[in-house]
Amino acid sequence: VQLQASGGGLVQAGGSLRLSCAASGRISSYYAIGWFRQAPGKEREFVAAVRWSGNSPNYADSVKDRFTISRDNAKNTVNLQMNSLKPEDTALYHCALDTVFRVQLSVLSGEYTKWGQGTQVTVSS
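We now turn to the structure provided with this report. No experiment lies behind these values; they were computed from the predicted model shown.

### Some points on the overall build of the chain
- Of the regular secondary structure elements, the chain holds 0 helices and 11 strands.
- When the helices and strands of the chain are read in sequence order from the N terminus, they spell out β-β-β-β-β-β-β-β-β-β-β.
- At 13 Å, the chain has a C-alpha radius of gyration in line with the 14 Å of a compact globule built from 125 residues.
- The principal-axis extent of the C-alpha atoms belonging to the chain is close to 40 × 30 × 25 Å.
- Taken over 125 residues, the chain has a buried fraction of 42%.
- Put simply, of all contacts in the chain between residues at least 6 apart along the chain, 58% involve residues at least 24 apart.
- Here the chain displays about 6400 Å² of accessible surface, and carbon together with sulfur accounts for 46% of that area.

See the structure below:
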């Protein structure tokens, strides 16, 4: 399985961006795609996750009600719609794959075994 993230850029505070994670290869419906981010000098943190089927979205408290994760069946992507962006959302965003079935999707980066390259999101104040 290969993952490729895209859609990052520079946006003013309050603006929106849409990240996409394109996946190729054999992916079971119960696999999870997660988005993580890492700002300079900070640890990587969980942002959101969803099953490949599109079910069971899960969000970090810091992005709940602002970000929406969804599956685009036609394009074979998992998208992260980011609204009301804040300067503290500035980070390198990665998508990743967890192939283990879990009742609740993991928020731990160590449990995601396939990673795409990052896409930079910069929010200016």
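### Quick word on the pairing of strand S7 (residues 67–72)
- Where S7 and strand S8 (residues 77–82) come together, 6 bridges link them in antiparallel fashion. Considered in S8, the bridge of Ile-69 is made with Leu-80.
- The hairpin formed by S7 and S8 contains 4 residues between the paired strands, and Asn-76 there has a positive phi angle of roughly 60°.

### Notes on the pattern of salt bridges
- By the definition in use, this model includes 6 salt bridges.
- Residue Arg-66 is joined to Asp-89 by a salt bridge in which the shortest nitrogen-to-oxygen separation is 2.8 Å. Of this pair, Arg-66 sits in the loop between strand S6 (58–59) and S7 while Asp-89 is found in the loop between S8 and strand S9 (91–98), placing the two residues 23 residues apart along the sequence.
- Close ionic contact of Arg-102 with Glu-111 constitutes a salt bridge, the shortest N to O distance being 3.5 Å.
- The class of Glu-111 is partly exposed, set by a relative accessible area of 29%.
- Among the charged side chains, a salt-bridge network with shared partners connects Arg-37, Glu-45, Arg-66 and Asp-89.

### Looking at the side chain of Thr-77
- Following the sequence through the fold, Thr-77 ends up in strand S8.
- According to the relative accessible area criterion, Thr-77 is buried, its value standing at 8%.
- Polar contacts involving the side chain of Thr-77 include one to the side chain of Asn-79, which spans 3.3 Å.
- Setting aside its immediate chain neighbours within four residues, Thr-77 contacts Cys-21, Ala-22, Trp-52, Ser-70, Arg-71 and Asp-72.

Cut-offs applied
- Residues numbered from 1 in each chain as written.
- Predicted model: local features only at pLDDT ≥ 70, side-chain atom pairs only at ≥ 80, totals over all residues.
- Heavy atoms only, no water.
- Helix = DSSP H or I, 4+ residues; strand = E, 2+ residues; numbered from the N terminus.
- Rg over C-alpha atoms; globule rule 2.2 N^0.38 Å.
- Buried < 20%, exposed > 50% of the residue type's maximum accessible area, 1.4 Å probe, protein only.
- Contact = heavy atoms within 4.5 Å.
- Areas by Shrake-Rupley, 256 points an atom, 1.4 Å probe, with all protein chains shown as cover.
- Pairing = 2+ DSSP bridges.
- Salt bridge = Lys/Arg side-chain N within 4 Å of Asp/Glu carboxyl O.
- Polar contact = N/O pair within 3.5 Å; in protein donor to acceptor, adjacent residues only side chain to side chain.

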